[in-house]
Amino acid sequence: MEGVDGVEFITFDKSRGWRSYLDVRRQIGKRRFPILLNLHASMRANIASRMIRADRRIGYDRARARDYQWLFTNERIPPASQQHVLDGMFSFIEVLGLNERDLRWDIPLSESDRQFASDACRAMGPTVVISPCSSERFRNFRNWSVENYAALVDYLHTEYNANIILTGGPTEIEREYGAGIAAAASRPVANLIGETTLKQLLAVIDAAHVVVCPDSGPAHMATTVGTPVVGLYATSNRHRTGPYFSQHLVADRYPDAIRQEFGKQVDDVDWGQRVRNPDAMNLITLADVKAKIDLVLSAEPTAHE
């Protein structure tokens, strides 16, 4: 988001413990704001919000105001059920009387970022970005297998002569995934895992024809630049957190995972219920993902020219 006009960023560094709250207060100073939107229902965000002087403190309705958020706000958005997270966030500005939705992000990218992407995507054939991993969190199982990704790479090479770019952060598991996919694939791939800034990554995604990834940041980055996303969803509900413009392209095995884990239908569990089973992502088959890829790359004209 760096460089977005009219936005001042104040960093809350949670690694500093209680001192992070004082850091926020020190950076805010004596300023007072007419409106504070508390879009994150957590105790950490609740306490941080009290470091900021504001007249209207708008939070979630009681049902969604986790960690006693309602005690830290003086206004609440209207109750709603089974909303996509983005729609829930729009509810905050609708409370302010702003009802028009102009879904443009216009995130600034430099010429050097775009040149980086141009160099990465200059090979013949459609460019497919594969971001194989989600962030590492306790009992957060969202990653498809290295073997499946490698088989998908081979299909993309054979069927579409695609230019494959692997992207991700510098964590050990992401680097292991990148090395494993590159080693197992029958033809070379461009492994940029751990080698890009966020701006360079966004530029590469913007230049690509399609992104393949689990429930993770790159899916939503792709949404901001209009690149189709083939999402891999089995442990989280695509209707709540899936790529906003690419719901029809999600390889969705969440209903199957819910049945296996809880013996229930999706409508019978809490909205946003996670599946904490490390084997759940194996429910997504290679055929599932190929079918979604074909919807994008078989289209005429090519999806993202």
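This text follows the structure it describes.
Computed from a prediction, not measured in an experiment: that's the story for all the values here.

Definitions and limits used
- Residues numbered from 1 in each chain as written.
- Predicted model: local features only at pLDDT ≥ 70, side-chain atom pairs only at ≥ 80, totals over all residues.
- Heavy atoms only, no water.
- Pairing = 2+ DSSP bridges.
- Helix = DSSP H or I, 4+ residues; strand = E, 2+ residues; numbered from the N terminus.
- Contact = heavy atoms within 4.5 Å.
- Axes fitted to C-alpha atoms, helices over the stretch in contact; angles between N-to-C directions.
- Parallel < 35°, antiparallel > 145°, perpendicular 65-115°, else oblique.
- Left-handed = near helix turned anticlockwise from the far one by under 90°.
- Nonpolar A, V, L, I, M, F, W, Y, C, P; charged D, E, K, R; others polar.
- Buried < 20%, exposed > 50% of the residue type's maximum accessible area, 1.4 Å probe, protein only.
- 1 Å grid on protein atoms, 1.4 Å probe; cavity = no way out; pocket = protein on both sides within 12 Å on 5 of 7 lines; lining within 4 Å.
- Points joined across faces, edges and corners; volume = space filled by probe spheres on them.
- Core = buried A, V, L, I, M, F, W, Y, C linked by side-chain atoms within 4.5 Å.
- Patch = residues over 30% accessible without salt bridge, like charges linked within 9 Å, V, L, I, M, F, W, Y side chains within 5 Å.
- Areas by Shrake-Rupley, 256 points an atom, 1.4 Å probe, with all protein chains shown as cover.
- Salt bridge = Lys/Arg side-chain N within 4 Å of Asp/Glu carboxyl O.
- Lys, Arg positive; Asp, Glu negative; His and termini not counted.
- Charge placed at Lys NZ, Arg CZ, Asp CG, Glu CD.

Another point: the sheet that holds strand S6 (residues 190-191). Taken in spatial order, the six strands make up an open sheet running S6-S5-S4-S7-S8-S9, and their pairing is parallel. This sheet does not close on itself; its edge strands, each paired only once, are S6 and strand S9 (251-252). Docked against the sheet, helix H8 (residues 217-225) engages strand S7 (210-214) and strand S8 (229-233), running at close to 150° with respect to S7.

Direction vectors running N to C along helix H5 (residues 146-160) and helix H6 (residues 172-184) enclose 45°, while the axes themselves pass 9 Å from each other. With respect to their mutual orientation, H5 and H6 come out oblique. Here H5 and H6 pass one another in a crossing that is right-handed. Contacts from Val-146, Tyr-149, Ala-150, Val-153 and Asp-154 in H5 reach Tyr-177, Gly-180, Ile-181 and Ala-184 in H6. Tallied by class, residues from the contact of H5 with H6 come to seven nonpolar, one polar and one charged.

One non-glycine residue, Asp-67, adopts positive backbone phi at about 55°. Checked against the element boundaries, Asp-67 lands in the loop between strand S2 (53-59) and strand S3 (75-76). On the basis of relative accessibility, which here comes to 38%, the residue Asp-67 falls in the partly exposed class. Phi at Gln-82 is positive, roughly 55°, even though this residue is not glycine. Its place among the elements puts Gln-82 in the loop between S3 and helix H3 (85-95).

Attention shifts here to the layout of surface pockets. Its boundaries defined by the atoms lining it, the second largest pocket holds a volume of some 680 Å³. Along the wall of the second largest pocket there are 19 residues; nearest its centre are Leu-36, Leu-37, Asn-38, Ala-48 and Ile-52. When grouped by side-chain class, the residues that make up the lining of the second largest pocket number 12 nonpolar, four polar and three charged.

So, about the sheet that holds S2. Strand order in the open sheet formed by three strands is S1-S2-S3, and the pairing between neighbours is parallel. Edge positions in the sheet fall to strand S1 (32-37) and S3, since each of these pairs with one other strand and no more. By the bridge criterion, two bridges tie S2 to S3 in an arrangement that is parallel. Bridge pairing links Gly-59 to Arg-76 in S3. Packing against the sheet, H3 makes contact with S1, S2 and S3, and its axis sits at approximately 130° to S2.

Membership of the largest hydrophobic core comes to 32 residues, with the highest contact counts inside it found for Val-128, Ile-130, Leu-156, Ile-164, Leu-232, Val-289 and Ile-293. By residue number, the principal contributor to this core is H5, which donates seven residues. Ignoring any residue separated from it by four or fewer positions in sequence, one finds Leu-156 in contact with Val-128, Ile-130, Asn-161, Ala-162, Ile-164, Ile-293 and Leu-297. By size, the runner-up hydrophobic cluster in this structure holds 19 residues, among which are Ile-107, Ala-117, Val-129 and Ile-165.

Within the span of H8, buried status applies to Pro-218, Ala-219, Met-221, Ala-222, Thr-223 and Thr-224. Looking at the buried residues of H8, the elements they touch are helix H7 (198-207), S7 and S8. Once H8 ends, the next one or two residues include Gly-226, with phi positive near 80°.

With that settled, consider the pairing of S8. Taken across its five residues, S8 has five buried, putting it largely inside the fold. Of the two faces of S8, both are covered, the one formed by Val-229, Gly-231 and Tyr-233 as well as the one formed by Val-230 and Leu-232. Note that S7 and S8 share four bridges and pair parallel. Residue Cys-213 lies in a different strand from S8, and its bridge partner there is Gly-231.

Residues Lys-14, Arg-44, Arg-137, Arg-139 and Arg-276 make up a contiguous surface patch of positive charge. Looking at where Arg-139 falls in the secondary structure, it is placed in the loop between strand S4 (127-130) and H5. Taking relative accessible area as the criterion, Arg-139 reaches 40% and is therefore assigned partly exposed.

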